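# Descriptive analysis of the structure
Below, each chain spelled out in residue letters.
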Amino acid sequence: MGYIDSHAHLCCKDFENEFDQLFDKFKESNIERVMIVCCDKSDLLKALKHQGTNDKFDIAYGFHPSDINKINDNDIDELEQYLSNNKIVALGEIGLDYYWDKENIDKQKEYFIKQIKLANKLDLPMIIHSRDAALDTYDILKEYDKNGKGIIHCYSSSYQMAQMFIKLGYLISLAGPVTFKNALVPKDVAKNIDLKNLLIETDSPYLTPHPNRGKRNDSSNVVYIAQMIAELKEIDVLEVMEQTTKNYYDLFNTKK
Ligand code: NI
């Protein structure tokens, strides 16, 4: 058994033409599987192309809140076609981001809800992006999500809030910030949350964890997230690996 990176943008432009080398590197780092999150059609087509020769990753596709100004209802129809006709195991990342965009909150909510309805219809887990918008994200999921399965990715809110998302059926995924010295809130979440509700992720190429900050991030760094969680919980890192990997397969059912 190995580690699973539950969120990485390996088909984005930062990783142009490196796909096979990356997976060679991941093998050496005991990375068993990666969820490749595609935020646009070019990412998606690249990921689908690699599905023929590499079975070490899963695909998620959806419209990120920061791209919502470019999206209309035709894109949602096309999203449905792609999700229905390909091996795509999650709808995401979708959600709300009030950190980067405060001017289009209504449109963000509108397209978040449209994509949740699509996930309900297709019975797909969702990968949720929520930044400075935890309560609105919670309220919308509570009202519209009928499936109650998915991930709150790169979780950055409080432990109390995490418990609320868990009650809705969600897993909490921790990323690089948990390794940062002054990130007290993610550390508190890591320490107190039950391991059976946790996933680990890199969100590569962003958010490189300590001790590699300043370098480009990739999925091999997910080990540092697991190590920090183990340290905070005072347990063996292998326990973190085994349980987070099990949590991932329980949700997505993609174990070979
Ligand atoms: Ni992401």
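Described below are features of the structure shown in this document.

Cut-offs and rules
Residues numbered from 1 in each chain as written. Predicted model: local features only at pLDDT ≥ 70, side-chain atom pairs only at ≥ 80, totals over all residues. Heavy atoms only, no water. Salt bridge = Lys/Arg side-chain N within 4 Å of Asp/Glu carboxyl O. Buried < 20%, exposed > 50% of the residue type's maximum accessible area, 1.4 Å probe, protein only. Donors = N, O, S within 2.8 Å, 3.2 Å for Na, K, Ca; no water. Tetrahedral: all angles 85-135°; square planar, octahedral: opposite > 155°, others 65-115°. Helix = DSSP H or I, 4+ residues; strand = E, 2+ residues; numbered from the N terminus. Pairing = 2+ DSSP bridges. Axes fitted to C-alpha atoms, helices over the stretch in contact; angles between N-to-C directions. Contact = heavy atoms within 4.5 Å.

Bringing the pattern of salt bridges into the picture now. Counted according to the given criterion, the structure contains 13 salt bridges. The salt bridge involving K196 is made with D194; its shortest N-O contact spans 3.6 Å. A residue is classified by how much of its surface remains accessible, and K196, at 49% relative accessible area, is partly exposed. One network of salt bridges, in which partners are shared, links D73, E110 and K114.

For the rest of this paragraph, the subject is the coordination of the nickel ion. In this structure, H7 (NE2), H9 (NE2), E93 (OE) and D203 (OD) serve as the protein donors to the nickel ion, at separations of 2.1 to 2.4 Å. Relative to the metal, the four donor atoms surrounding the nickel ion lie at angles of 85 to 174 degrees, and the coordination shape comes out irregular. Between consecutive donors of the nickel ion, the numbers of intervening residues give the motif H-x1-H-x83-E-x109-D. Separated by 84 residues along the polypeptide, H9 in the loop between β1 (3-8) and α1 (19-28) and E93 in strand β4 (residues 90-97) bring together distant segments of the chain.

Strand order in the open sheet formed by eight strands is β1-β2-β3-β4-β5-β6-β7-β8, and the pairing between neighbours is parallel. Two strands close off the open sheet at either side, each with one partner strand: β1 and β8 (198-200). With strand direction ignored, the average angle separating the axes of adjacent strands in the sheet is 25 degrees. Sheet strands touched by helix α6 (residues 159-168): β6 (150-152) and β7 (170-174). Its angle to β7, the strand with the most contacts, is close to 135 degrees. Helix-sheet contacts for helix α8 (residues 222-233) involve β1, β2 (31-38), β7 and β8, and the interaxial angle to β8 is about 140 degrees.

Here the focus is the side chain of N247. Note on placement: N247 falls in helix α9 (residues 237-252). For N247, a relative accessible area of 5% corresponds to the buried category.

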